[in-house]
Each structure stands twice: as C-alpha cells, then as structure tokens.
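Remarks on the overall topology
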There are 2 protein chains.
Amino acid sequence: MKKKANPGRSMLRHVLVVSIALNVSFILRIMLYETHQHQQQTHHHHQSSFSLSSSSSSSSSTRTTRRRSSSSIVVNSTRDEDHLHSPDKDRLINLDHGDPRMYERYWRKRGEKASITIPGWQSMSYFSEGEKICWFMESELAEEVVRLHNLVGNAVTQGRHIVVGTGSSQLFLAALYALSPTTHQQPPITVLSALPYYSSYPSMTDYQKSGLYKWGGDAESYDGEKDGPYIELVTSPNNPDGYTRESVVKNKTHGFFIHDLAYYWPQYTPISYPSDHDLSLFTLSKSTGHAATRIGWALVKDPAVAKKMTKFIELNTIGVSKDSQLRAAKILKAVSDSSEEEEFFKYSYEVMSQRWKQLREAVQGNALFTLPNFSPGFCTFFNRQTHPQPAFLWLKCEGEIEDCASFLRQHKILSRSGERFGVSPKYVRISMVDTHENFMEFIERLSSIHL
Amino acid sequence: MKKKANPGRSMLRHVLVVSIALNVSFILRIMLYETHQHQQQTHHHHQSSFSLSSSSSSSSSTRTTRRRSSSSIVVNSTRDEDHLHSPDKDRLINLDHGDPRMYERYWRKRGEKASITIPGWQSMSYFSEGEKICWFMESELAEEVVRLHNLVGNAVTQGRHIVVGTGSSQLFLAALYALSPTTHQQPPITVLSALPYYSSYPSMTDYQKSGLYKWGGDAESYDGEKDGPYIELVTSPNNPDGYTRESVVKNKTHGFFIHDLAYYWPQYTPISYPSDHDLSLFTLSKSTGHAATRIGWALVKDPAVAKKMTKFIELNTIGVSKDSQLRAAKILKAVSDSSEEEEFFKYSYEVMSQRWKQLREAVQGNALFTLPNFSPGFCTFFNRQTHPQPAFLWLKCEGEIEDCASFLRQHKILSRSGERFGVSPKYVRISMVDTHENFMEFIERLSSIHL
C-alpha cells in the first residue's frame, strides 16, 4: 500500500514518529554498513546519514548479506520503495521512464522541513498577486526559482520573465505556440532537434496536427537559409545520451531556440557557467525529484514571448495548480536552505556517482555493452572537477544484438529503444534515477548477462 | 497581503488560533446581526454559524452600520477578502471572471477538516496505483468523486471511466482530441455549441489551429445530415445564461456530445435526475470553489475514448498534479462528510439564494435592466422545489444602451460583453460568486443606476 497524505495533527505526530524511527534506522545502517567506498571519498568532510545511506549496499553481495542479517533494514528499504513487490527474479524492472524515485530517500530524511500544509480556504482564487506577465504564478515560487538559480549558478535570471507550467511539457508546447508565426498565411514552422532526441518531442509536436508548427526531425541536416524558419530544441545535457549540446542547425538567421535544461543541475553534469539563453526550460521532476507535482518553469527574455506562453497556458489549463506551486516553492526553499551536511546536490551527486561507478563495474570487460564516455569538467557549484553522470544510461548493444531493448527484455529489464529517439535499435535508454532496490536489481541482472 | 500556506506545527498552531478567533467572531456576528430573513427561512432547523454568516449584511445600510459599529467584524471581513482594497467608490469591481471566492468563507469555517499536509517525500512518482485507464489518477480522488455524485444524485457513475484533468479546460481539449476522426485524410471535425455559448470555447478550440477539429459556431443552425460529422458542446446549466440545455443540432446521426456539467450542482439549479451521458465534465472550481487547485474530472462511457483522453493529458502535461488531486479528494470528502448543520450545498444554496434575492430587489422596477426568468423545479437532493440561481447573471441592458459592458464600466462594474458569447452587446455576463464585499458593492452600484 502506498502512503497518502493525511492532514491534521495526528498525521503530524505520525510523521514525527516515522521520522524518528527512520533516523534511528539510518544511524544503525551507518554503523553496520559503512563501506570502503566512503573512506575513499576524501571530499566528504561530514560523514552523516545524508552522505551514506545511498550506498549502504554498494554491491549485490553486501546487499544480500544485509537482507539476511537485519530485518529492520529490509523493512526500511521496502517502505522506501512503494512500487516494489517481492525481489523476485522474474519481476520486470521497469527503467523505461525516468521516474525520479531515487530522491524519495533524501526527502524522507529531510522530514517536516519539506512538508506543506494547505488549509481548505487558501489558494482558491484563479489569480495570484503581484504585477507580472504570468498572472497565475505564485510570487514565492518565482522567488525561490531565482534564489536557487543564483545559488547553483546554472542560469542567468536577471532580465528574465518567469513562466510557470504544468511540468516543462506544457511549457514546451507553450513555447512552440509562442514562437510560431502569427500571420495566418504562413505555413507551420519546422521543429527540429539533433539526433538522438527526446522520444516525446515528435509526438508532443504533432499530436494536435497543429497548423502553427510541425515536427521536422534531425536538426543536423537542416539549413536555416535554404529550408526556412525553424525552432530548434537544444537539450543539454541531452536526453537520452547525457552529452552537453549546442545548436547545430546551419545558418541560424531564421531560427528560434528552446533550451531544455531539465538536467543542467550539479548532480548530473558539471555546472560550467550560468546558462544565458532567450528561452530555457527547467523542471522540478529532474532537479528535486518531485515529478508528480508537475511544476516546470521557463526563463524568457522577450516579454512578448512570455506573454504568449502565458496565454497558451490560460487557454490550455487556465493556469497552473497553486497547491503544486506552493509545494514546489517549499521544496526549492528546502534545497536552498539545506545545511552543508544535508546539502541536496551533494547528496544527489554522491548517489549518482555511486550508481555510475557500480554500472561501470558491472559491464567492465563485457564486450556486449558499450557505455558513453564523458570528459570531466570544472563545476563552479562544487568548486572542483566533476564527471557527467546523467539521469539516463544510453547503452549500446554490440555485436549481433540488433534490438537491444528486446534483448534486455529477455533479462527482465524494460528499457526504451533507440528507435524512439530517432536512431538505431542497437541503443537503449535506461533510467538511472529509479529506486535503490530497482537500480541494484538492474545492476545484478546486467552483471549476469554474458554471451 | 495574501496568506500563504506555511507548514509545520507552528503553522498548525497558528491555524488553530485563527480558527478559534474566527469562531468567536462568527458567534458575535450571529448575536449582533441576525436579520429577519433568517426567521423567515422555515426550512432551516439549525440556526448555526453556517446558515447565517452569508447574509449577515443583507442590505447595504446594515453593512454600513456594521462597518461603523464593530471593528472586529471589519477586520474579519477584510481578512476574508484578500483582494479587497479600500471600499472606494472609484474602485473597479471585477466581475468579468467567475472567480469563485464566495466559497472561502465556508471553507474557513470548516477549518482543519479540509486542510491537507503533504510530506516532502510523498507523491513524487509520475505513476499512481491501481489498474485503471487513467494511469496518473489517484484512487482516493476517484473514490470521492463517485461518492459525491452518488450523494448528490447529479450523475450516474456506474459503467463510467473517470479521467482526471488539470481543470475541466484540459478535459475539454482532451475530449475534442479523443472524439476527432483518427484517419489522416478526414477534414477537421466541426465543434458547435448553441448561442449564447461559453466565451472560451471558440478560442480554446482554435488556438492551436488543429487539423483534428475546428470551431463551427452556433449549434442551432447546424444540420448533422447535411453538414457532416460534429461535436456538440452541451453546457447545462448554461454558461453564461444559466438555463438548462439539451442537444439542439438537427439530425444527430454523426454527432458526438460533450456535456459540460460544471454548474449541475444543487446550489445553482434543481437536481432533477442523475445525468447519464457518454461524456460529461465536472470541475472542482465551480462545485466547491477551489479554482486554483485546477482539478476537473470526466465521466466517460467508452473505454477507448477514456484512453485517448488519458493519452492527450500524457502528451500535454504528463499527468495531473498529485498534490492537487489529493487536496481535491480531501475537499470532496469534507463535503460528503459534512454534518447537516455545516452541509456544504445547503450553505451555498442559501448564499446564492440571498444574492439572487438582493439582485432582484436592486433592479426591481428599473426599466434599464432585464434579468433572466427561471422556472422552479423539484430538486431530488434537497427533496423540495428549488429555483435556479446561476453562478452568473446574464443581464440585458434595455432601451438605447447598445453596449451594456461599456455602460456598466462607466459605473465601475467590469462585466463580460454578450459579443464574447456570440450574441448582442446588449447582454453582459456578471459573476455571482465573487467575494461578499465585491458582491455587495456591485448591488449598491447597480441599485444606484437610473436613467
């Protein structure tokens, strides 16, 4: 059974009890399972429950031992992963979606600091206060967005209008709408992205059969001069492959650009400079893991574009859930407010780092699989060199395996085929941000695959 | 300043204090301002704070007295209406939108029972549990929707699939998408509604320039046989005029129907029978007043249509805010759970009844204005005859006033012109569900307009 929000004081008391229980459990876990990995991580000054829990079972053998030796920790970890049924070998591990359930552990540890209470009479009106283009945006969300970007250093916020959306998906559609030609005679503008591109871009662009814009495929083969006006989607780090990207269309005179920066956060990639584009998109789903809150935001230079995006959202959904906006503000605030010990990005970086390490170990020497190779870069946020460790693994099956997704499916791993991203089915995309249990099971299965 | 949600125990303590303070204030108000209207209302067995507060200032003179005599009540009423500035005669009363702020008083009185607390680690995953077509819908919301419809008797829920949306706007678009022809060769299907129709229908249908559907205007002049396939929007009670409606297109063989039942609730109209359509839309905004929560739901007979609507929402916003779904479930539960004394629909019916009475008194004998005339009907929910008392006033300016909206604008009343609803500018739509202060100010201004 999944735990749902229950209000009132009894709930709060319950939360307190669970929180204390969890703390006790984490301390126990630290005492029992401190592994050599952590002694090696010299950059961690504070060995707290925050920096340790994610790697409490750093190899499958440790994990099996743990499962046998201490029932309290097993209970803890199953409680952590709601969707998990028995750790049956026949269970299909679904890593097709990028469901960011990895982050639940962190937020559980932060406890009440990230909780929100909304009384029945609050946030009822369609309208929000303040003089801004996006009339339905809650000011405190806008403030926390600016604050976090300034703290992380991943985006210039000065001279930008913020538009809030129901996830960055809605903002993507709003941006297409806003950047499309306004005169009725013009043909639909072409929407492009370099291969491999996010699998949802084509269907999101075309499902309404809009006369304003249409999917045009690979941006690399497009010439702005010859082929006419276009909108290029620049996803950086890229989904699915994790590489840093820039615009690739030749002759950019007639081009508009949407920078999808969902993964431009320190846990995934070195923050080399504050992004500074005309229109960029961010989302709570991939930054803090709150996917179901459906909150994204756009940083927009041109007020006319921000206005048209706002109009789109008005016609599409008459604004964006205030409950979620308030929750998002609270979550972002908790990230910005976190002490060094409980620092969100440090924690997330460590978990990702651990996972990528385990992954590389699992396929090392296995000629069946090729992983992407990333160059390290200086991260201004951590003030040191870091490695890209994307939210997705872009895996290539080598040799005679032509359909990598089907091959992995035989091993009960559900991935998304390269074909969905416009390239060869020898590639698959695999989520690296699922629950700890699912990730460990995935590593175990991957390790066992040999020719 | 608008009050925002603050979490944690200190907030809860604060809520408790405010709640107690409000209760004291309401009791005071009852003692001081019980008016003759309430002694006349013989059907009210319980003279509680719930049945009295809405009409505590039943005429503008009582209100002025009140404002002078008791500062505590002035504080209370300004706290109640956040957007209210000074009751300056030059202030523009904005009744253009149907912002349902009238309901805030009720929910304030219900206090914590309708509050929700969401811990930081809950509701993170995109997915919801249970085997249902709408994969992102929270089960407890679906349960409360069914429970409330069964209690109110306004919709058949058996044999229906529920699809949750970001307000009913998104569901409207999802329904257009789902009912449109699937083969690529077919021209866009025509979307119709009888005059006067909801002002947003044309722009919502056409803003994407979709090749799937296009706005066709008045349903009365359409012939299904001659003019081809169509989708008819049947809004009942109708927005803007409040009348009960049925499909009007001639020769319905090739027709699809979307029943927009946003206002089919006992406070607005007699519930004569449970609606029983292929596809009907409801929304929290107009039923409980929680507009900013952006939750609507569709009751859909055909699983294939429910599936396509779900797909639309997936491509549009990848689901619907879980925070808002959980809050909506809590709010609907509070409505269903309410005791006779605090009964939501009884309270809302009384407020609406009071408002329509005051409105009719204000224009009585004034040849400038004509109001719609409704026939009473038997309401199965209240088990007696009730009168329609719509959420909007559909006002006609008589004589030489050709542009009613401009005329009212001179008297600092902002309304929406009949032209927006496809008819003459001699008509305007005016919200009847705004704050008490705004409504009273509107009545005062309307009363003072004479030739």
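All values reported here derive from a predicted model rather than from experimental measurement.

What follows is about the overall build of chain A. Each helix and strand counted, chain A has 16 helices and 16 strands in total. With 451 residues in all, chain A has 63% of them scored as buried. Residue pairs in contact within chain A that sit at least 24 positions apart in sequence constitute 74% of those at least 6 positions apart. In the structure as shown, chain A presents an accessible area of about 16,700 Å², 53% of it carried by carbon and sulfur atoms.

Take the nonpolar core next. Core analysis: the biggest nonpolar cluster contains 224 residues, and Trp-107, Met-309 and Leu-408 of chain A together with Trp-107, Met-309 and Leu-408 of chain B have the highest contact counts within it. Not counting residues up to four positions away in its chain, the partners in contact with Met-309 of chain A are Val-163, Leu-171, Ala-174, Ala-175, Ala-178, Leu-279, Ala-298 and Val-300 of chain A.

Taken together, the contact pairs 82 residues of chain B with 82 residues of chain A. Interface area, chain B with chain A, both sides summed: about 7,800 Å², of which 55% is carbon and sulfur. Of all residues in chain B, Trp-121, Met-124 and Tyr-207 of chain B give up the largest surface area on contact with chain A, accounting jointly for 11% of the area buried on that side. Seen at the junction of chain B and chain A, the total is two salt bridges. In this structure, Asp-323 of chain A engages Arg-327 of chain B in a salt bridge whose closest nitrogen and oxygen atoms are separated by 2.8 Å.

The subject of this paragraph is the sheet that holds strand E13 (residues 392-397) of chain B. The strands making up a sheet associate through hydrogen bonds between their backbones, and the pairing can be parallel or antiparallel. In space, the four strands of this open sheet follow the order E10-E13-E16-E15 (chain B), with antiparallel pairing throughout. For this open sheet the edge positions go to strand E10 (369-370) and strand E15 (416-417) of chain B, each flanked by a neighbour on one side alone.

This part is about the packing of aromatic side chains. All told, the structure shown has 61 aromatic pairs over all chains when counted by the stated rule. Here the aromatic rings of Phe-127 of chain A and Trp-135 of chain A are separated by 5.2 Å at their centres, their planes lie at 40°, and the arrangement is tilted. Ring geometry for Tyr-197 of chain B versus Trp-215 of chain B: centroids 5.0 Å apart, planes at 80°, classification edge-to-face. One end of the pair, Tyr-197 of chain B, is in the loop between strand E4 (189-193) and helix H9 (200-206); the other, Trp-215 of chain B, is in strand E5 (residues 213-218), with 18 residues separating them in the sequence. Taken individually, Tyr-197 of chain B and Trp-215 of chain B each receive the classification buried, so the pair is uniform in this respect. Through a chain of ring-to-ring contacts, three or more aromatic side chains come together here, namely Tyr-103, Tyr-106, Trp-107, Trp-265, Phe-282, Trp-297, Phe-344, Phe-345, Tyr-347, Tyr-349, Phe-381 and Phe-382 of chain A. Across the ring face of Phe-382 of chain A, the terminal group of Arg-384 of chain A is positioned such that the distance to the ring centre comes to 5.4 Å. The ring of Tyr-177 of chain B carries the charged tip of Lys-308 of chain B above its face, separated from the ring centre by 5.2 Å.

Moving on to the sheet that holds strand E3 (residues 161-166) of chain B. Residue and element names in this part refer to chain B. With respect to topology, seven strands assemble into an open sheet ordered E3-E9-E8-E7-E6-E4-E5, the strand pairing being mixed. The sheet is open, and its two edges are formed by E3 and E5, each paired on a single side. When the angles between neighbouring strand axes are averaged without regard to direction, this sheet yields 25°. When E4 meets E5, the two strands line up parallel, connected through five bridges. Looking across to E5, one finds that Leu-192 is bridged to Gly-217.

Turning our eyes to something else, we now look at the pairing of strand E7 (residues 255-260) of chain B. Residue and element names in this part refer to chain B. Both strand E6 (residues 230-235) and E7 contribute to a ladder of six bridges, which runs parallel. Bridge pairing in E7 places Glu-232 opposite Phe-257. Note: E7 against strand E8 (residues 279-283), two bridges, orientation parallel. Bridging from a neighbouring strand, His-259 pairs with Ser-280 of E8.

You can overlay chain B on chain A at an RMSD of 0.0 Å; the transform is a turn of 180° with a shift of 0.0 Å along its axis. The symmetry that links the two subunits is that of a two-fold axis. Residue by residue, 100% of the interface of chain B is reproduced at the interface of chain A, so both copies engage with the same surface.

All names here are of chain A. Most of strand E9 (residues 295-300) sits out of view: six of its six residues are buried. As defined by bridge partners, strand E3 (residues 161-166) adjoins E9 across six bridges and the pair is classed as antiparallel. Each residue of the ladder has a partner; that of Val-164, found in E9, is Trp-297. As defined by bridge partners, strand E8 (residues 279-283) adjoins E9 across five bridges and the pair is classed as antiparallel. If you follow Leu-279 over to E9, its bridge partner there is Val-300.

What follows deals with the state of the cysteines. All names here are of chain A. Counting across every chain of the model gives two disulfides over all chains. With a sulfur-sulfur separation of 2.1 Å, Cys-397 is cross-linked through a disulfide to Cys-404. Since a negative S-S torsion denotes a left-handed disulfide, the Cys-397-Cys-404 link at about 55° is right-handed.

Our focus in this paragraph is the environment of Gln-364 of chain A. Following the sequence through the fold, Gln-364 of chain A ends up in the loop between helix H14 (344-363) and strand E10 (369-370). Along the backbone, Gln-364 of chain A and Ser-447 of chain A are 83 residues apart, and their C-alpha atoms lie at a distance of 8.9 Å.

Let's shift gears to the packing of helix H8 (residues 167-179) of chain A against helix H12 (residues 303-317) of chain A. Residues and elements named next belong to chain A. The geometry of H8 relative to H12 is characterised by a closest axis approach of 8 Å and an angle of 120° between their N-to-C directions. What the angle tells us is that H8 and H12 run oblique. The element H8 and its partner H12 pack so that their crossing is right-handed. Between H8 and H12, the contacting residues are Gln-170, Leu-171, Leu-173, Ala-174, Ala-175, Tyr-177, Ala-178 and Leu-179 on the first element and Val-305, Lys-308, Met-309, Phe-312, Ile-313, Leu-315, Asn-316 and Thr-317 on the second. Looking at the contact of H8 with H12 residue by residue, the class counts come to twelve nonpolar, three polar and one charged.

Mapped onto the secondary structure, Met-124 of chain A falls in the loop between strand E2 (116-118) and helix H7 (139-152). Judged by its relative accessible area of 2%, Met-124 of chain A is buried. With 199 residues separating them along the chain, Met-124 of chain A and Asp-323 of chain A place their C-alpha atoms 9.4 Å apart. If we ignore the near neighbours within four places in the chain, the residues touching Met-124 of chain A are Tyr-103, Glu-104, Trp-107, Thr-288, Gly-289, His-290, Ala-291 and Ala-292 of chain B.

Turning next to the side chain of Ser-348 of chain B. Residues and elements named next belong to chain B. Take Ser-348: it is sitting in helix H14 (residues 344-363). Judged by relative accessible area, Ser-348 falls into the buried class, the value being 0%. Excluding its chain neighbours within four sequence positions, the residues that come into contact with Ser-348 are Met-102, Tyr-103 and Gln-267.

A few words on the side chain of Ser-193 of chain B. Structurally, Ser-193 of chain B can be placed in strand E4. Once residues lying within four places of it in the same chain are set aside, the contact partners of Ser-193 of chain B are Tyr-201, Trp-215, Gly-217, Asp-218, Ala-219, Leu-233 and Arg-245 of chain B.

This brings us to helix H13 (residues 322-337) of chain A. All names here are of chain A. Here H13 contains 16 residues, and its C-alpha end-to-end distance of 22 Å stays within 8% of the 22 Å for a straight helix at 1.5 Å per residue. Burial of H13 is extensive: 14 of the 16 residues sit out of reach of the surface. The backbone nitrogen of Asp-323 lies 3.3 Å from a side-chain oxygen of the residue at the head of H13, namely Ser-321.

Taken as a whole, this structure holds 31 salt bridges over all chains when the rule is applied. Here Arg-416 of chain A ties to Asp-96 of chain A by a salt bridge, and the two come within 2.6 Å at their closest N and O atoms. Of this pair, Arg-416 of chain A sits in strand E15 (residues 416-417) while Asp-96 of chain A sits in the loop between strand E1 (93-94) and helix H6 (104-110); the two residues are 320 residues apart in sequence, bridging distant segments of the chain. Using a relative accessible area of 15% as the deciding quantity, one classes Asp-96 of chain A as buried. Among the salt bridges present, the one from Lys-333 of chain B reaches Asp-337 of chain B, with a minimum N-O distance of 2.8 Å. Residue Lys-333 of chain B and its partner Asp-337 of chain B are located together in helix H13 (residues 322-337), separated by four residues, close to a single helical turn. Judged by its relative accessible area of 35%, Lys-333 of chain B is partly exposed.

With 20 residues, H14 of chain B ought to run about 28 Å at 1.5 Å a step, and its terminal C-alpha atoms sit 29 Å apart, in line with that. Of the residues that open H14 of chain B, the one with a side-chain oxygen 3.2 Å from the backbone nitrogen of Phe-345 of chain B is Glu-343 of chain B.

Turning our eyes to something else, we now look at unusual backbone geometry. Residue Pro-196 of chain A is reached from Leu-195 of chain A by a cis peptide bond, and omega for that bond is -15°. Tracing the backbone through its elements, the reader meets Pro-196 of chain A in the loop between strand E4 (189-193) and helix H9 (200-206). Looking along the chain, the bond that leaves Asn-239 of chain B and enters Pro-240 of chain B is cis, with omega of 25°. Mapping Pro-240 of chain B onto the fold places it in the loop between E6 and E7.

Conventions adopted
- Note that residues are indexed from 1 along each chain, following the sequence as it is written.
- As they are written, the chains are lettered A onward and the ligands numbered 1 onward, keeping that order.
- With the structure being a predicted model, the display of local features is reserved for residues of pLDDT at least 70 and the display and counting of side-chain atom pairs for 80 or more, all residues being used for whole-chain, interface and lining totals.
- Side-chain descriptors were evaluated using all non-hydrogen atoms of the structure, hydrogens and water having been removed beforehand.
- Helix and strand definitions here come from DSSP, where helices need a minimum of 4 consecutive H or I residues and strands a minimum of 2 consecutive E residues; each element is numbered from the N-terminal end.
- Each residue is assigned to one of three classes by its accessible area relative to the maximum for its type, calculated with a 1.4 Å probe on protein chains only: buried under 20%, partly exposed between the two thresholds, exposed over 50%.
- Contacts are assigned to residue pairs that have any heavy atoms within 4.5 Å of one another.
- Surface exposure here means Shrake-Rupley accessible area, sampled with a 1.4 Å probe, where a residue is shielded only by the protein chains that are shown.
- Working definition of a nonpolar core: buried Ala, Val, Leu, Ile, Met, Phe, Trp, Tyr and Cys residues. They are joined through side-chain atoms within 4.5 Å.
- By convention, the term buried area covers the 1.4 Å-probe accessible surface removed from two parts as they join, with the contributions of both added.
- A carboxyl oxygen of Asp or Glu within 4 Å of a side-chain nitrogen of Lys or Arg is what we treat as a salt bridge.
- Strands qualify as paired when DSSP identifies two bridges or more between them.
- Side-chain rings of Phe, Tyr and Trp (the six-membered ring for Trp) are treated as a pair once their centres are within 6.5 Å; stacked means planes under 30 degrees apart, edge-to-face means over 60, and tilted covers the remaining angles.
- Charge-over-ring placement is defined geometrically: NZ (Lys) or CZ (Arg) within 6 Å of the ring centre, and within 35 degrees of the ring normal.
- As a rule, the C-alpha atoms of each element are fitted with a line to give its axis, helices using only the stretch in contact, and angles between N-to-C directions run from 0 to 180 degrees.
- Least-squares superposition aligns the copies on the C-alpha atoms of those residues with pLDDT at or above 70 in both.
- Here, a disulfide means two cysteine sulfur atoms that sit within 2.5 Å of each other.
- The cut-offs work like this: below 35 degrees is roughly parallel, past 145 is roughly antiparallel, 65 to 115 is roughly perpendicular, and the gaps in between are oblique.
- Two helices crossing with the near one rotated counterclockwise from the far one by less than a right angle form a left-handed crossing, whereas a clockwise rotation gives a right-handed crossing.
- Residues are grouped as follows: Ala, Val, Leu, Ile, Met, Phe, Trp, Tyr, Cys and Pro are nonpolar; Asp, Glu, Lys and Arg are charged; all remaining types, including Gly, are polar.
- Expected span, for any helix, means 1.5 Å times one less than how many residues it has.
- Whenever two N or O atoms come within 3.5 Å, that pair is a polar contact, provided that in protein one can donate a hydrogen and the other can accept it, and provided that, for residues adjacent in sequence, both atoms are side-chain atoms.

Just distances and angles here, no functional claims.
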